[in-house]
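# Structure assessment
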Amino acid sequence: MLFSRFNYRISLYLFIATISSFLISLFLLQLFAGLLVLVYLMEPVKSKKLVFDNIFYLFFAFVLIRILAALLSEYPGSSNQVFYKDALFFLSFFAFAFYLKTFNGKNIKTVSDFFVLAGIVVAIIGLTLFMLNKVSRAESFTSGYSTFSSYLLVVFSFGIIVFKNLSRENVKTLMAVGLALILAGIITSMGRTNIAIAAVIFIAGIFIAKIRIKYILIIVILTSAISWTAFNINYTEVNLRIKQPAALSDRDILLNAAEELFFEFEHPLLGYGPRTFNDVFTYREQLTDKGAGSWHNDFIQVYFESGMLGLLSFLLIIFYPISAALIFIRKKKVKGSNLYLLCGAVLGEFALVLSALTAGFVNSPVLSVLFAFLIAFISAIVFPVDRKELSK
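Described below are features of the structure shown in this document. (Residues numbered from 1 in each chain as written. Predicted model: local features only at pLDDT ≥ 70, side-chain atom pairs only at ≥ 80, totals over all residues. Heavy atoms only, no water.)

## Focus on the overall build of the protein
Looking only at helices and strands, the protein has 19 helices and 0 strands in total. Whereas a compact globule of 392 residues would reach a radius of gyration of roughly 21 Å, the protein reaches 21 Å, a difference of no more than 12%. Based on the C-alpha atoms only, the size of the protein along its principal axes is roughly 60 × 55 × 40 Å. A buried classification covers 55% of the 392 residues belonging to the protein. Intrachain contacts of the protein at a sequence separation of at least 6 include 80% that bridge at least 24 residues. (Helix = DSSP H or I, 4+ residues; strand = E, 2+ residues; numbered from the N terminus. Rg over C-alpha atoms; globule rule 2.2 N^0.38 Å. Buried < 20%, exposed > 50% of the residue type's maximum accessible area, 1.4 Å probe, protein only. Contact = heavy atoms within 4.5 Å.)

Have a look at this one:
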């Protein structure tokens with residue numbers, strides 16, 4: 001890294017520590033991400049300006065709209081939480097984008113390697129807790145099953161694509177085992193949407209990374225064996241799901257309430273304000289899960305929280321990075337390991353967005369930072385900084 005006021009190892013190690021602690025420890029995630037943001041804030045303004053790009057400006061617009069919606073909210077007690085609960089999400093993107101653009105190719109590959117390794121560790125933790133009957137559905141120490149499986153979806157997307165970058169046979173075998181553990185973690189979390197998304201990602205990854213049949217068989221057979229063993233040890237929840245295969249987990253009630261509220265919406269431009277679900281949702285007594293705190297769909301969530309402006313900016317920060325990356329790939333502007341890293345990030349964002357249709361990441365203290373990491377990763381490869389400018 002050529003234009004930071006600090007030794008590059010400081011930001012690199014903090015970066016690795018941050019993306020390695022997503023579901024291992026919320027405290028460590030907040031600590032390391034907070035330190036990385038602090039280091040970023042102390043960087044020269046002149047250097048920060050060099051990494052501004054379209055993704056940066058779109059994300060900045062999203063942040064401003066969310067803040068404006070909070071300031072104008074008729075429920076300030078709820079909406080003011082955006083200033084401290086979302087601060088890490090907002091600021092981590094700028095820090096991620098800055099440092100990823102200044103890391104060299106070797107450092108970026110190291111970051112992706114640690115990201116996948118940490119995901120494998122999280123999968124092992126979730127599977128262990130599940131097999132010990134500590135939880136009814138696989139999850140990590142610091143998350144519920146929904147966050148757990150959404151996170152693993154993103155890691156799996158990275159892992160299945162960067163498989164192409166591996167050269168040694170023994171390393172590929174170990175990666176295949178790791179991917180099987182991740183898949184088994186997703187399956188034992190029992191989120192039907194995420195299991196379906198994982199299957200699609202797996203098939204897409206096989207073709208994109210051109211994975212040999214030997215490794216496909218390792219992943220499929222090991223995933224099946226681990227999942228079968230786990231469900232034979234901890235079978236209460238899976239039996240319940242077999243008996244009630246059509247259960248919607250309260251989502252039909254949430255959708256009915258959203259439909260009703262849509263036609264009565266009094267604040268179409270900026271919404272009711274961030275984190276106001278509990279203030280505007282009126283069907284609480286009908287829910288099986290009385291502790292539900294969101295619409296279980298980020299697009300509905302963002303629309304009611306920050307109106308049409310918020311939803312438009314949200315759609316832009318989701319789909320612009322994906323479209324820019326696909327154009328970049330189609331024009332063959334990226335080659336080698338960076339091509340597969342970019343494909344992994346795009347596939348990971350795609351998986352996270354699909355999972356947001358029945359869950360959500362925008363208000364999650366973990367998944368929101370994960371989303372920031374993904375779009376910052378895409379930004380770093382699609383809009384690289386001129387290395388000559390960095391050396392000035």
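Next comes the rest of the description.
## Here we look at the environment of Phe130
Following the sequence through the fold, Phe130 ends up in helix α8 (residues 105–131). Look past the residues within four positions of Phe130 in its chain and what remains in contact with it is Val135, Ser136, Arg137, Ala138, Thr188, Met190, Ala230, Phe231 and Asn234.

## With respect to the packing of helix α16 (residues 298–330) against helix α17 (residues 337–355)
The N-to-C vectors of α16 and α17 enclose an angle of 155°; their axes lie 11 Å apart at closest approach. Classified by the angle their axes make, α16 and α17 are roughly antiparallel. Both α16 and α17 take part in a crossing whose hand is left-handed. When α16 is examined against α17, the residues Phe299, Ile317, Ile318, Pro321, Ile322, Ala325, Leu326, Phe328 and Ile329 are found in contact with a partner set consisting of Leu339, Leu342, Cys343, Val346, Glu349, Phe350 and Val353. The residue makeup of the contact of α16 with α17, split by class, is 15 nonpolar, no polar and 1 charged. (Axes fitted to C-alpha atoms, helices over the stretch in contact; angles between N-to-C directions. Parallel < 35°, antiparallel > 145°, perpendicular 65-115°, else oblique. Left-handed = near helix turned anticlockwise from the far one by under 90°. Nonpolar A, V, L, I, M, F, W, Y, C, P; charged D, E, K, R; others polar.)

## Brief notes about the side chain of Ser149
For Ser149, the position within the fold is in helix α9 (residues 145–162). Ser149 gets classed as buried once you look at its relative accessible area, which sits at 1%. Side chain to side chain, Ser149 and Asn194 meet in a polar contact 2.7 Å long. Not counting chain neighbours up to four residues away, the residues in contact with Ser149 comprise Ile186, Ser189 and Asn194. (Polar contact = N/O pair within 3.5 Å; in protein donor to acceptor, adjacent residues only side chain to side chain.)

## A look at helix α12 (residues 213–233)
Owing to its 3.6 residues per turn, the α-helix brings residues three or four apart onto one side. Across its 21 residues, α12 extends 30 Å between first and last C-alpha, which sits within 8% of the 30 Å expected from 1.5 Å per residue. Residues of α12 that are buried include every one of Tyr215, Ile216, Ile219, Thr223, Ile226, Ser227, Ala230 and Phe231, and no others. Down the axis of α12, the smallest arc covering the buried residues is 125°, so these residues share one side. Projecting away from the buried face of α12 at angles above 90 degrees are the exposed residues Ile213, Ile221 and Trp228. (Expected span 1.5 Å × (residues − 1). Arc of directions from axis to C-beta.)

## Some remarks on the packing of α8 against α12
Running from N to C, α8 and α12 point in directions that differ by 35°, and their axes come no closer than 9 Å. Two secondary-structure elements touch here, α8 through Leu127, Phe130 and Met131 and α12 through Ile226, Ala230, Phe231 and Ile233. Residue classes in the contact of α8 with α12 are distributed as 7 nonpolar, no polar and no charged.

## Side note on the pattern of salt bridges
By the definition in use, this model includes 7 salt bridges. The partner of Arg66 in a salt bridge is Asp86, and the shortest N-O contact between them spans 4.0 Å. Of this pair, Arg66 sits in helix α4 (residues 54–71) while Asp86 sits in the loop between α6 (82–85) and α7 (87–102), and the two are 20 residues apart along the sequence. Exposure class is identical for Arg66 and Asp86. Each is buried. We note a salt bridge from Glu305 to Arg66, for which the minimum N-O separation is 2.9 Å. A residue pair is termed long-range when its members are at least 10 positions apart, and Glu305 in helix α16 and Arg66 in helix α4 qualify at 239 residues. Owing to a relative accessible area of 2%, Glu305 belongs among the buried residues under this scheme. Here the salt bridges do not stand alone but share partners, grouping Arg66, Asp86, Arg275 and Glu305 into one network. (Salt bridge = Lys/Arg side-chain N within 4 Å of Asp/Glu carboxyl O.)

## A closer look at a nonpolar patch on the surface
Together, Phe27, Leu31, Leu35, Leu38 and Met42 make up an exposed nonpolar region whose accessible area comes to about 470 Å². For Leu31, a relative accessible area of 36% puts it in the partly exposed group. (Patch = residues over 30% accessible without salt bridge, like charges linked within 9 Å, V, L, I, M, F, W, Y side chains within 5 Å. Areas by Shrake-Rupley, 256 points an atom, 1.4 Å probe, with all protein chains shown as cover.)

## A closer look at the packing of aromatic side chains
Under the counting rule described, the total for this entry stands at 38 aromatic pairs. Taking the centre distance of 5.4 Å and the plane angle of 40° together, the rings of Phe89 and Phe90 count as tilted. In this pair, the class of Phe89 matches that of Phe90, namely buried. Sitting above the plane of the Tyr40 ring, Lys48 keeps its charged end 4.9 Å from the centroid. A cation over a ring is seen here: Arg137 above Tyr145, with NZ or CZ 3.5 Å from the ring centre. (Phe/Tyr/Trp six-rings, centres within 6.5 Å; stacked < 30°, edge-to-face > 60°. Lys NZ or Arg CZ within 6 Å of the ring centre and 35° of its normal.)

## Observations concerning unusual backbone geometry
One non-glycine residue, Asn133, lies in positive phi territory at about 60°. Mapped onto the fold, Asn133 is located in the loop between α8 and α9. The exposure class assigned to Asn133 is partly exposed, which follows from its relative accessible area of 45%. Notably, Lys210 is not glycine yet its phi reads approximately 55°, a positive angle. Secondary-structure assignment places Lys210 in the loop between α11 (192–209) and α12. Residue Lys210 is classed as exposed on the basis of its relative accessible area, which comes to 62%.

## Details of a negative patch on the surface
A cluster of like negative charges, contributed by Glu74, Glu259, Glu260, Glu264, Glu266 and Asp279, occupies part of the molecular surface. Tracing the backbone shows Glu259 in helix α14 (residues 251–263). (Lys, Arg positive; Asp, Glu negative; His and termini not counted. Charge placed at Lys NZ, Arg CZ, Asp CG, Glu CD.)

Remember that the coordinates give geometry; whether it matters functionally is a separate question.
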